Every structure is written in C-alpha cells, then in structure tokens.
Amino acid sequence: MWTPEVTNMIIQGIGETLKMTCFSCLFGYLFGIPLGVILSTTDVNGLTPNRYVYKVLDFITNIVRSVPFLILLILLIPVTRALVGKSYGSTATIVPLTIAAVPFIGRMVESSLNEVDRGVIEAARSMGISNFKIITRVMLVETRVSLMTGVTIAFGTILGYSAMAGTVGGGGLGDIAVRYGYYRYQTDIMIVTVVLLILLVQIFQTVGMRIAAKTDRRIK
Amino acid sequence: MGTIVEFKEVTKIFSSAYGTTKALDNVNLKIEEGDIYGVIGMSGAGKSTLIRCINLLEKPTSGQVITDGEDLTKLSEKQLRAKRKHIGMIFQHFNLLMQKNVVDNVAFPLTASGVPKKEARAKAAELLEVVGLKEKMKSYPASLSGGQMQRVAIARALAQDPKILLCDEATSALDPETTASILNLLQKINREYNITIIIITHAMSVVRRVCKHVAILSDGQIVETGLVSDVFDNPQTDEARILISKAEQSERRTKGE
C-alpha cells in the first residue's frame, strides 16, 4: 500500500499543513498584535484607559473565541468563498483559520503586554516618551520572550485547527487522515499522518522555546 | 538663583469605586534652583503623589505646578512631553529595561526621541563614567546589584541633560552602605552639574545626610518647611514632632540599638 502516490500525497499534505499554519499564523499576528495592543492599553490599568473601546473589543474577542472552530469554519463558508473563490482546499482554509486565530492571538499578546512592569512604563513616561513609542520601544520589546512563547503556542493550536478542517475538505494532513483513515479504514495512513502532526508541533515547540530562552536577558 | 519648582494650592483627589482620597491637600511649596530638597513623610502621606505632580505623571485636581518657569497644568500633551525631558526621575525599584544592556538603557531616552544610536551610545558611555560603571556597559541589568542598577538609572535620568532630578524613594531598597554611596553620587551631580535634586523618602537619615531644605508632609498637607537642621532639631508643629520621633524610633530599631 506504500505506493509512491501515497508518499507523494503525504509530502504534499505536509506542505499544505505548513502553508495553512504559517500563513494563518502570519495573518493572525498581523491583526492579533494591534488587537492585543489595544486591549492592553485601553484596559483600566493600561496606558490610555478607555472603558468603551475595551468593552467592545473584549466582547467581540470573546464571541469569536466561544464558537467551536468546526462551526466557525462552516459559518464562514460564504466569506471564504467571497475572498478566495472556493470554500475547500488549503488556501480557502486559511480564511477561517485566520479569523479563529486573531482573537486567540490578541488575547495572548494582551496578556504578554500586561506583564510589563508598571514602573518601567512610568519611567518611560517620565522621560517624555510618547505612548506610541512606549508601546513599540518598551512594551513589545520587554515582552519579546513572552510573545515568542505565544507564537509557539499559537502555531501548535493553529496546526491542530488546520487538521480539524480536514473533515470538511480543508486539505493538508488532517484531510488525509480523515479520508484514508476514517472513510477507507486505512489505519496505517492515519497513524502516519498523526505521527507527522505530532512531530511538526514538537519541532516548532522546541525551536520556538529555544529561541525564546536564548533571547532572554533576564537570566545570566 | 530663582525658584525652579513651585506648587500653588495643589490638591489631588483620587476617586475610586470605594470612595475618594485626598492625597494632596492645598499644598504650597517653593524649591530653589540648585537645592537638594527633601520631602519626608510616613507612608500614605502623599509623598509619591507630590513628586509625580512635579513632572505631571499625576495631574493635580486643582492648583498650579510651576516647573522651570512654566505652569505644567496648562501645557498640551506634546509640550508636556518636551518639558519632561528636562526633568529626570529615578525610582525605588530602578525600573530599568531588563532586555537591554546597560549602555542601551542609558541611551534609551535619547534613541527613543530620535537621537542617532551612535551619538546616544557615546553620551551614555560618558554618563556611565560619571556614575562609575563604565566597565559594566555591556552587562544586562539582571546581573547587577541594586546599587549598580540605581547608578544606571541615575545615568539614564541624566541622559537628556535635566535641570531637575526627582528621586522617588531611590535608596529605600538599598542597604545603608549602598545608600551612602548613592547619596554621595547625588551630591556630586548636584554640585558639578548644578541640577536641583528633589528627594522623597521616609528615612530621616537620608534627608539629614544630603538635603539642605526639607518639607514635612502629613496627611497630604505640608506641615513644616525650612532648613534641615532647623526643622529636625527644633520642630514647630505637633505633626512634625510626631513624625520625627517615629522616624527616629524606627531608625534606631533598624540599627539594632
């Protein structure tokens, strides 16, 4: 059963999974960082507290996060179709993956930024530094280790979501696992895909955490 | 030499869900240029609020804060930021950037306001020489002692050539010997750069050692001001007498007498 076709299919599956995860992570951070920054700065204890902005964003973030990913995937089919032209395959899956990732990443960025010592921010204010620069030069820099840890967590989570999209023809390793392992009872192929998924998460987790630890200047 | 900081009827009220607190109650204060001025009071007396009103990190509820000839309460956010560059500040917990090395910490106020990195680092290196930490330039704050961290913070506060240096319980986290060396450094800075230094503290020994004038703050009110020797040796008000005796007691206790 290990024909070259199967091997090729699995290699292609790895490629698709990586493509979905990487692009969704990228787009997720593109929108998630501003969301996290606004959530953190408009918080009661933030740099520029604004109850209304915080409440609205907090509410939307919670709503999107409460919808199970599989349901979100189906709910977003019209949006996906409008943006990509079709609702199946790995490129189309990037749309719901990104939308699921943004609030999740936003929350992680928010909690990272909230770790910044209030005293350090006060010191920056006493130097006459603008709020924008306090965000970009103090908060985002001081928390880079925590942010990096967040990236590895986000990557693993999005990879897991991308596999879930396999049940509705989302492409990638999850798709192969569902089609061969579930519909055709080819357990061996399913096990191979699952092992590959585990390996991918492990590799990214290890590399990410190592980079995070390497760049941390607090220990030494 | 003229007045560099003046408080005119400054009141600061904090309101929260639990009620309101009057942190400063109609405070009038004049600090002369070139002075080392101490503000002493028990915890909760409003010292932190008072020092934060000098650079408007806290905005007074009413009253005027005239710093270096300008009423800060009337300035726009942008003008205020420009003004703050001339008012350095150091803190009890140093508040250094833990992910930047010593020289970049000192250069930070400059690079953040657009000074080229090379120029900022050169200035930072000079300042580190002044505070006696040139050999630690490439170290990270986590590897420094408390006294060394405060020296870095002082160098950082001097980066933008301030006229005033605010010290918020700057020696309260340090042991007596380190405290003495930091106070010596502050005196040197006051002398050599003619920077007015304002120290808030709960420790009488700090005020006695370096300050020329002192104000006693009690429950948000200035109860007494004057030369350190006059106020401490011959207090005129009950509040001042109570504070001085309490402070003396606690200082005797920490010395183990």
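Provided above is the structure to which this section pertains.
These lines cover the structure that appears in this document, whether it is placed above or below. Just so you know, these numbers come straight off a predicted model, no measurement behind them. Counting restarts for each chain, with residues numbered from 1 along the sequence as it is written. Just so you know, chain letters begin at A and ligand numbers begin at 1, following the order they were written in. Reporting of local features is limited, given that this is a predicted model, to residues whose pLDDT is at least 70; pairs of side-chain atoms are given and counted only at 80 or more, and all residues count toward the totals for whole chains, interfaces and linings. In computing side-chain values, all of the structure's heavy atoms are included and hydrogens and water are not.

1. Topic: the overall build of chain A
Tallying secondary structure elements over chain A gives ten helices and zero strands in all. Per the convention used, a helix needs a DSSP run of H or I reaching at least four residues, while a strand needs a run of E reaching at least two, with both numbered from the N terminus. Along chain A, helices and strands appear, N-terminal first, in the series α-α-α-α-α-α-α-α-α-α. Its C-alpha atoms give chain A principal-axis dimensions of about 70 × 45 × 25 Å. Note on exposure labels: buried denotes an accessible area under 20% of the residue type's maximum, exposed denotes more than 50%, and partly exposed covers the range between, all computed with a 1.4 Å probe on protein chains only. Looking at chain A residue by residue over its 220 residues, the buried ones come to 46%. When contacts within chain A are restricted to residue pairs at least 6 apart in sequence, long-range pairs at least 24 apart make up 75% of them. For the accessible areas, the method is Shrake-Rupley and the probe is 1.4 Å, while residue cover comes only from the protein chains on display. As displayed, chain A offers around 11,100 Å² of accessible surface, 69% of which is attributable to carbon and sulfur atoms. Positive charges come from Lys and Arg, negative ones from Asp and Glu, while His and the chain ends are left out of the count. Charge coordinates come from a single atom per side chain, which is NZ of Lys, CZ of Arg, CG of Asp or CD of Glu. A gap of 4 Å separates the mean positions of the 19 positive and 12 negative side-chain charges of chain A. In what follows, a contact means two residues having at least one pair of non-hydrogen atoms within 4.5 Å.

2. Structural notes on the sheet that holds strand S2 (residues 19–32) of chain B
Being paired, for any two strands, means DSSP has found at least two bridges between them. Ordered by their spatial adjacency, four strands build an open sheet running S2-S1-S4-S5 (chain B), and the pairing between neighbours is antiparallel. Edge strands, defined here as strands with exactly one partner in the open sheet, are S2 and strand S5 (70–71) of chain B.

3. Notes on the pairing of strand S7 (residues 164–168) of chain B
Residue and element names in this part refer to chain B. Where burial is concerned, most of S7 is hidden: five out of the five residues are buried. Burial of the side chains of S7 extends over both faces: Ile164, Leu166 and Asp168 are buried on one face and Leu165 and Cys167 on the other. With five bridges connecting them, strand S6 (residues 87–91) and S7 associate as parallel partners. Within S7, the residue paired with Met89 across the bridge is Leu166. As paired elements, S7 and strand S8 (residues 196–201) share five bridges and run parallel to each other. Looking at S8, one finds that Cys167 is bridged to Ile199. Every crossover in which the path from the first strand over the helix to the second runs clockwise, viewed with the strands pointing away from the viewer, is termed right-handed. Remark: the S7/helix H6 (residues 176–193)/S8 crossover connection has right-handed handedness.

4. Describing helix H8 (residues 144–164) of chain A
Residues spaced three or four apart along an α-helix point in a common direction, a consequence of the helix completing one turn every 3.6 residues. All names here are of chain A. For a helix, the expected span equals 1.5 Å multiplied by the residue count minus one. The terminal C-alpha atoms of H8 lie 30 Å apart, and with 21 residues this matches the ideal 30 Å at 1.5 Å per residue to within 8%. Within the sequence span of H8, burial applies to Val145, Ser146, Leu147, Gly150, Thr152, Ala154, Phe155, Ile158, Leu159, Ser162 and Ala163. Packing partners of the buried residues in H8 comprise helix H1 (4–42), helix H5 (90–113), helix H7 (131–142), helix H9 (172–183) and helix H10 (187–215).

5. Some details on the packing of helix H4 (residues 77–84) of chain A against H5(A)
Residue and element names in this part refer to chain A. For every element, the axis is a line fit to its C-alpha atoms; helices are fit only across the contacting stretch, and the angle between N-to-C directions ranges from 0 to 180 degrees. At a minimum axis distance of 9 Å, the contact between H4 and H5 shows a crossing angle of 125°. The angle between H4 and H5 places the two elements in the oblique class. The handedness of the crossing between H4 and H5 comes out as right-handed. Note on element contacts: H5 touches H4 through Thr91, Ala92, Val95 and Pro96, opposite Val79, Thr80, Leu83 and Val84. The scheme is simple: roughly parallel for angles under 35 degrees, roughly antiparallel for over 145, roughly perpendicular for 65 to 115, oblique for anything else. Take the far helix as your reference; a near helix turned counterclockwise from it by less than a right angle gives a left-handed crossing, and one turned clockwise gives a right-handed crossing.

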